[in-house]
Amino acid sequence: MKRFFIYLTAFLPIVYLLIRLFIIDDVNDPIKYIYTITGVSATVILFISIIISLLKEKINLMKYRKEIGLLGFFYAFLHLTNFVVFDASFDFEFILKETLDKPFIYLGMIAFFILLFMAITSTKQLFRKYNKYHKLVYLSLILITIHWIMAQKSLNIMQFIYIGIILIIAYYKFLQQIIKNN
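Below is a summary of the structure that appears in this document. Computed from a predicted model, the values in this text were never measured in an experiment. (Residues numbered from 1 in each chain as written. Predicted model: local features only at pLDDT ≥ 70, side-chain atom pairs only at ≥ 80, totals over all residues. Heavy atoms only, no water.)

### Section: the packing of aromatic side chains
Within this structure, the stated rule accounts for 10 aromatic pairs. Between F74 and Y75, the ring centres sit 5.5 Å apart and the planes meet at 75°, which makes this aromatic pair edge-to-face. By relative accessible area, which is 29% here, F74 ends up partly exposed. For Y75, a relative accessible area of 1% puts it in the buried group. (Phe/Tyr/Trp six-rings, centres within 6.5 Å; stacked < 30°, edge-to-face > 60°. Buried < 20%, exposed > 50% of the residue type's maximum accessible area, 1.4 Å probe, protein only.)

Right, here's the structure in full:
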């Protein structure tokens, strides 16, 4: 039942996106709207996967963390697919030029490839071998937040909230590391 609730909740942004695009039809710039929904969804879901490990002493949801992380990767994949298919129309020369010309794109690409590595190595056998590299998710979340701020060309309240969450997570991980070493 909990897994059903996780998947139901995780797919609500896609349902909302499809309703706004095809039923209500009130979106002025569909490509930008898809970027926004998929990017925000990926970021929020990835933050949730990190928060699960911080709360494991109080609420143990660790058995769902991998699935939630993979759902975050799924939205990141949709975000990148939007760029490749709708924005660039599979023009790989354009993709390369845009990636090199716009720092927020290559920061997003770096974050995506970190998430891709984590998704590929999330099987039990590969995770045992590469689990120490899964800490790169923190770097990925920082890069994603910078990517988002640079793409928006301004800071809004949501971005300040994400920056605050990153700082809180870093503080708690630092405290956990100190306690673990003592």
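### Observations regarding the pattern of salt bridges
As a working rule, side chains carrying opposite charge can pair if their charged atoms are close by. By the definition in use, this model includes four salt bridges. Residues R20 and D26 are paired through a salt bridge, measuring 2.7 Å at the closest nitrogen-oxygen approach. Its relative accessible area of 39% is what places D26 among the partly exposed residues. A salt bridge links K102 to E98; the nearest nitrogen and oxygen atoms lie 2.7 Å apart. The exposure class assigned to E98 is buried, which follows from its relative accessible area of 13%. (Salt bridge = Lys/Arg side-chain N within 4 Å of Asp/Glu carboxyl O.)

### Focus: the layout of surface pockets
Of the voids in this model, the largest pocket is the one considered here, and its volume is about 1,100 Å³. For the lining of the largest pocket, the elements supplying multiple residues, two or more each, are α2 (30-54), α3 (62-87), α5 (103-120), α6 (124-130), α7 (136-152) and α8 (157-181). Per-element tally for the lining of the largest pocket: the top contributor is α8, with eight residues. Residues that form the lining of the largest pocket fall into these classes: 18 nonpolar, nine polar and 10 charged. Lining the second largest pocket are 30 residues, and of these Y35, H79, F104, H147 and A151 lie nearest its centre. When contributions to the lining of the second largest pocket are tallied by element, the ones reaching two or more residues are α2, α3, α5 and α7. Among the elements that make up the lining of the second largest pocket, the one with the highest residue count is α2 (eight residues). Class assignment for the residues of the lining of the second largest pocket results in 17 nonpolar, seven polar and six charged. (1 Å grid on protein atoms, 1.4 Å probe; cavity = no way out; pocket = protein on both sides within 12 Å on 5 of 7 lines; lining within 4 Å. Points joined across faces, edges and corners; volume = space filled by probe spheres on them. Helix = DSSP H or I, 4+ residues; strand = E, 2+ residues; numbered from the N terminus. Nonpolar A, V, L, I, M, F, W, Y, C, P; charged D, E, K, R; others polar.)

### Topic: the side chain of R20
Note on placement: R20 falls in helix α1 (residues 2-24). Apart from the residues within four sequence positions on either side, R20 is in contact with D25, D26, V27 and Y33. (Contact = heavy atoms within 4.5 Å.)

### Structural notes on the packing of α2 against α3
The geometry of α2 relative to α3 is characterised by a closest axis approach of 8 Å and an angle of 160° between their N-to-C directions. Taken as axis vectors, α2 and α3 run roughly antiparallel relative to one another. With respect to the hand of their crossing, α2 and α3 are arranged in left-handed fashion. Looking at the contact of α2 with α3 residue by residue, the class counts come to 17 nonpolar, nine polar and two charged. (Axes fitted to C-alpha atoms, helices over the stretch in contact; angles between N-to-C directions. Parallel < 35°, antiparallel > 145°, perpendicular 65-115°, else oblique. Left-handed = near helix turned anticlockwise from the far one by under 90°.)

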